[in-house]
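# Working through the structure, step by step
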Amino acid sequence: MADELSLDLEELRHLESIAKRPRVVSLISSEIRNLEKQLNDAASIAPTPPPVSTNLKISSEPALKYTTLASFSWDQDTDKVKIYVFLEGVDQEKVETEFNQMSVDVKFHDVNGKNYRCAIPKLNKEIVPEKCKVLVKPTKVIITLIKASKGNWLDLHFKDDKLKPSLDKERDPMAGIMDLMKNMYEEGDDEMKKTIAKAWTDARSGKATDPMKSHR
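Note that the coordinates shown come from a computational prediction; the quantities given were computed from them, not determined experimentally.

## A closer look at the sheet that holds strand S7 (residues 133–136)
Here four strands make up an open sheet; going across it, the order is S2-S3-S8-S7 and the pairing antiparallel. One side of each edge strand has no neighbouring strand; the edge strands of this open sheet are strand S2 (73–76) and S7. Each neighbouring strand pair of the sheet contributes to a mean axis angle of 20°, computed without reference to strand direction.

## Topic: the environment of Asn 152
Tracing the backbone through its elements, the reader meets Asn 152 in the loop between strand S8 (141–146) and helix H3 (173–187). Setting aside its immediate chain neighbours within four residues, Asn 152 contacts Gln 76, Asp 77, Lys 125 and Lys 147.

## Quick word on the packing of aromatic side chains
A full pass over the atoms with the stated rule returns zero aromatic pairs. Directly above the aromatic system of Phe 158 lies the positively charged group of Lys 122, at a separation of 4.1 Å from the ring centroid.

## Topic: the environment of Thr 68
With respect to the helices, strands and loops of the structure, Thr 68 is situated in strand S1 (residues 67–68). On the basis of relative accessibility, which here comes to 60%, the residue Thr 68 falls in the exposed class. Once the C-alpha coordinates of Thr 68 and Ala 119 are considered, the two residues, 51 residues apart in sequence, prove to be 7.9 Å apart.

## Things to note about the sheet that holds S1
Taken together, four strands build an open sheet; the order of strands is S1-S6-S5-S4 and the sheet is mixed. The open sheet has two edge strands with one neighbour each: S1 and strand S4 (95–100). Here S1 runs beside strand S6 (residues 114–120); their pairing, made up of two bridges, is parallel. Residue pairing in the sheet places Thr 67 in a bridge with Tyr 116 of S6.

## What about the pairing of S2?
Relative to strand S3 (residues 80–85), S2 runs antiparallel, the two being bridged by four bridges. Of the residues in S3, the one forming a bridge with Ser 73 is Tyr 84. Counted between consecutive antiparallel strands, the loop separating S2 from S3 contains three residues.

## Some words on the nonpolar core
Counting 25 residues, the largest nonpolar core has Phe 108, Ile 143 and Leu 145 as its most contacted members. For this core, the secondary structure elements donating two or more residues are S3, S4, strand S5 (103–111), S6, S7 and S8. Element by element, the count of residues in this core is highest for S5, at four residues. Setting aside residues up to four positions removed in sequence, Leu 145 forms contacts with Asp 79, Lys 80, Val 81, Ile 83, Phe 99, Val 104, Leu 123, Ile 127 and Cys 132.

## Description of the pattern of salt bridges
Two side chains of opposite charge can pair, provided their charged atoms sit close to one another. All told, the structure shown has six salt bridges when counted by the stated rule. Linking Asp 77 and Lys 80 is a salt bridge whose minimum nitrogen-to-oxygen distance equals 2.9 Å. Overall, the relative accessible area of 29% leaves Asp 77 in the partly exposed class.

## Some details on the pairing of S7
Only one face of S7 is buried: it carries Val 134 and Val 136, and the other face, with Lys 133 and Leu 135, is open. With four bridges connecting them, S7 and S8 associate as antiparallel partners. Looking across to S8, one finds that Lys 133 is bridged to Thr 144. The hairpin formed by S7 and S8 contains four residues between the paired strands.

Calculation rules
Residues numbered from 1 in each chain as written. Predicted model: local features only at pLDDT ≥ 70, side-chain atom pairs only at ≥ 80, totals over all residues. Heavy atoms only, no water. Pairing = 2+ DSSP bridges. Helix = DSSP H or I, 4+ residues; strand = E, 2+ residues; numbered from the N terminus. Axes fitted to C-alpha atoms, helices over the stretch in contact; angles between N-to-C directions. Contact = heavy atoms within 4.5 Å. Phe/Tyr/Trp six-rings, centres within 6.5 Å; stacked < 30°, edge-to-face > 60°. Lys NZ or Arg CZ within 6 Å of the ring centre and 35° of its normal. Buried < 20%, exposed > 50% of the residue type's maximum accessible area, 1.4 Å probe, protein only. Core = buried A, V, L, I, M, F, W, Y, C linked by side-chain atoms within 4.5 Å. Salt bridge = Lys/Arg side-chain N within 4 Å of Asp/Glu carboxyl O.

Next comes the structure, spelled out in structure tokens:
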């Protein structure tokens, strides 16, 4: 509407400048004053644009940085495992825990201005997550893991069984012979050990000595 009034006002001013007769000039001047008043009134009640909010989050907070606690001690009984983290200044309310069947991840926030983390990505055996807990002491933190099945753990971390026989069909055939010679060396008498040792030395130097013939 303000644009239309401005255009009318501009045209009336043009007509006023070319009008000759006094009555016409007076009528045009009166209408110009009327339009100017309407234009001023329209400007005074024009809605102001809403302010731009400064509370909008443009980007998320940066990810927290953690110092990994690689050094800790642990013990066990048949039902549970206890992990001892020696860290002072920990607030129980600022401890974040994530227990899974085969992993544990405990985060300590704002400890003397730093964030710490104690994580074991793969435990030796399964635990009961909902029964595990963290207890904060003045100079240490005790993480209690409840075992899913009773028994002793050989280690806190999961380890592959290195004693299982290899099922690889493409295994080097010499590997079986070497294993046999190792067993013979460990179980044999002094003469047999000398013979086996000589056979190993000859094998490395490229000689094909038969250890059984040398034993005679």
